[in-house]
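Report on the structure
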Amino acid sequence: TTTQICVNIKARELPDDTRAPVDIIVALDVSGSMAGRKLDLCKLTLEQLLCMLLPKDRFGLVSYDTDARIELAPQKMTGANKAKALRIIKALTHRSMTNISAAIGLATQEMNAIEEPNAVRSIFLLTDGHPNQGVSDTAGLVEITKNSISNTHFEADLDIGAEKKTHRFSFFHGAQNKAGPGTDKVPMEVSPKSMRHPITMNCFGYGSDHNGTLLSELATAASGSYYFVENDSSVGTAFGDALGGVLSVVGQNVVVNIKVAPEGAPLGAEIVSVLHKGALMRENGAYSVTVGDFFAEETRDVLFEVKLASPTTVSLAPVPHAIVSMAYTDTILKRPVQVSPKICNIVRADGTEVSEANIHVVAQWIRVYASREIENAETQASRNDLEGARATILKIRAMIFEQDANIQSHELVKMIVKDLDEVEKGLVSTQTYANFGSKEMCSRKMGYRTQRCAEAEPGRQERNLYRSSAQARMANMMQIKHP
């Protein structure tokens, strides 16, 4: 018999007037197809982005067409430097082809050239088309991205019940001066220069002609997000959503470690699987799960399955099944933090009675299942099997509608059902799939996997449960008003 356990991680709110300084480099497509309104709106968006940066932040700009060029080397946004950046942005003009590999290479090169980088570093890559210069295949571009990027406070609470197949185990990221009873954090003081500052890359696909699969895979390789910018009105809100997240990073390099409890192992307890793309199995059967960075207020869940222990004697005493710990870098306090291990106990009562399932954990299993099946449907649709893709989406719906009313009314499950409506709209024809459906499926699949809001459309942003207040505020501030 197995059961599912959920590690729930919630990041704290961003302290008032306190955030980590950021280094942002924008790699902007200025190929011929960007001429006119598209480039004008991007320039306006970049001007708004500059207004949100403080003197402690750095901004750099790379433009690319047939090749890539440095328009502005990364520099702190003092008044004089910000004025210079604005002049450069206003002077941008469209040029020729689309060389994404050159853009990624030059942007990461510039980021790595910063001698004393800020704690948070991110590249914003925007394109409206397909790569047709330099390395242009998806595998090659992903490899370039990985190689380029690689050169480069939590309050723990335990809430485990004896449910049927679902146990919940929680970590809550708490502000240092508000840590309550039971807080168990072990900070380790280090020099800021010795800390590893990861580089993320957010990819923005503008219009219907870009390769959504490529951009989502590039974003995944660089621990970023993919934004489908379907129309002109969404450019500002997409950049605002991404910027709001980058400006509110409170934790980096978050790793969750899961292993079998020594008390449960002799009784048969074992970790069967970890339902997370970032899971790595260790030699001893333990797992390390790379969760990435956290924006303020973000919530993320790591679901794993264990084989239940079989006690030799009848007892209602809880049996330790798993031990979970976590490590991360606090970007506000500039130090790594190690969360002491917490034990996952499960009561193994005698008899056939089965306790009620935990609704939150079931909802998380539905999220994982939906992400996997949407990926399968995407593969079918890419082979022109739209009928098979629609059948796969209907299978997700059928599984959800088999659940009881309490699970179907869970906010996450309701969001998934609404998203499936949009996915189905993109599968009505080959042309619709090429223009809209393929991008929609990439966006939904990635959103469920990363558990992060990456919406460009204002209406979609409002209903996304993963959207933080910082993302909402910045997206609203950068929304472009049309006459």
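Attention here is on the structure that accompanies the text. Since the model is a prediction, treat every value here as computed from it, not as a measurement.

Here's the deal with the overall build of the protein
- For the protein, the count of helices and strands is 13 helices and 17 strands.
- Counting only residues that meet the buried cut, the protein has 54% of its 483 residues in that class.
- Just so you have it, the protein exposes about 19,800 Å², and 50% of that area is on carbon and sulfur atoms.

With respect to helix H2 (residues 79-90)
- With 12 residues, H2 extends 17 Å from end C-alpha to end C-alpha; this agrees with the ideal 16 Å at 1.5 Å per step.
- Against helix H1 (37-52), strand S3 (58-64) and strand S4 (68-76) lie the buried residues of H2.

Topic: the side chain of Asp29
- Take Asp29: it is sitting in strand S2 (residues 22-29).
- Despite its burial, Asp29 remains without a salt bridge, the nearest opposite charge being carried by Lys38 at 8.2 Å.
- Discounting chain neighbours no more than four positions away, the residues touching Asp29 are Met34, Tyr64, Thr98, Leu126, Thr127, Asp128 and Gly129.

Description of the sheet that holds S2
- Taken in spatial order, the six strands of this open sheet run S4-S3-S2-S5-S9-S10, and their pairing is mixed. Every interior strand has two partners, whereas the edge strands, S4 and strand S10 (226-229), have only one. On average, each strand axis in the sheet is inclined to that of its neighbour by 15°, with strand direction left out of account.
- Packed on one face of the sheet, H2 meets S3 and S4 and runs near 160° to S4.

Observations regarding unusual backbone geometry
- For Lys334, which is not glycine, the phi torsion reads 60° and is therefore positive.
- For Asn384, which is not glycine, the phi torsion reads 70° and is therefore positive.
- Along the chain, the position of Asn384 falls in the loop between helix H7 (359-382) and helix H8 (386-401).

Brief notes about the packing of aromatic side chains
- Going through the model one piece at a time under the given rule, you end up with six aromatic pairs.
- Their ring planes at 20° and their centres at 4.3 Å tell us that Phe204 and Phe239 sit as a pair that is stacked. Residue Phe204 is found in strand S9 (residues 199-206), and its partner Phe239 is found in helix H6 (residues 235-246); the two are separated by 35 residues along the sequence. In this pair, the class of Phe204 matches that of Phe239, namely buried.
- Feature note: the residues Phe124, Phe204, Tyr227 and Phe239 constitute an aromatic cluster, connected by ring pairs.
- Directly above the ring of Tyr206 sits Lys38, whose terminal nitrogen or CZ lies 5.4 Å from the centroid.
- Arg300 extends its terminal NZ or CZ atom over the ring of Phe294, reaching a point 4.2 Å from the ring centre.

About the thresholds
- Every residue gets a number counted from 1 within its own chain, in the order that chain's sequence is written.
- Per-residue local features are limited, in this predicted model, to residues with pLDDT of at least 70; the limit for side-chain atom pairs, both in listing and counting, is 80 or more; totals at the level of whole chains, interfaces and linings are taken over all residues.
- For the side-chain quantities, the full set of heavy atoms in the structure was used; hydrogens and water were omitted.
- Starting at the N terminus, helices and strands are each numbered in turn, a helix being any DSSP run of H or I of at least four residues and a strand any DSSP run of E of at least two.
- The cut-offs for exposure are 20% and 50% of the maximum accessible area for each residue type, with area from a 1.4 Å probe on protein chains only; residues under the lower value are buried, those over the upper are exposed, and the others partly exposed.
- We get accessible surface area from the Shrake-Rupley algorithm with a probe of 1.4 Å; when it comes to residues, only the shown protein chains can shield them.
- For a helix, the expected span equals 1.5 Å multiplied by the number of residues minus one.
- For this analysis, residues touch if any pair of their heavy atoms sits within 4.5 Å.
- Neither His nor the chain ends is counted toward charge; the positive residues are Lys and Arg and the negative residues Asp and Glu.
- Salt bridges are identified by distance alone: a Lys or Arg side-chain nitrogen within 4 Å of an Asp or Glu carboxyl oxygen.
- Should DSSP find at least two bridges between two strands, the strands are taken to pair.
- In this analysis an axis means a line fitted to C-alpha atoms, helices contributing only their contacting stretch, and an angle means the value between N-to-C directions, from 0 to 180 degrees.
- Only rings of Phe, Tyr and Trp enter the pairing, Trp through its six-membered ring, and a pair is recorded when the two centres are within 6.5 Å. The plane angle decides the type: under 30 degrees is stacked, over 60 is edge-to-face, the rest tilted.
- Distance and angle both matter: a charge sits over a ring if NZ of Lys or CZ of Arg is within 6 Å of the ring centre and within 35 degrees of the ring normal.

All quantities given are derived from atomic positions and should not be read as evidence of function.
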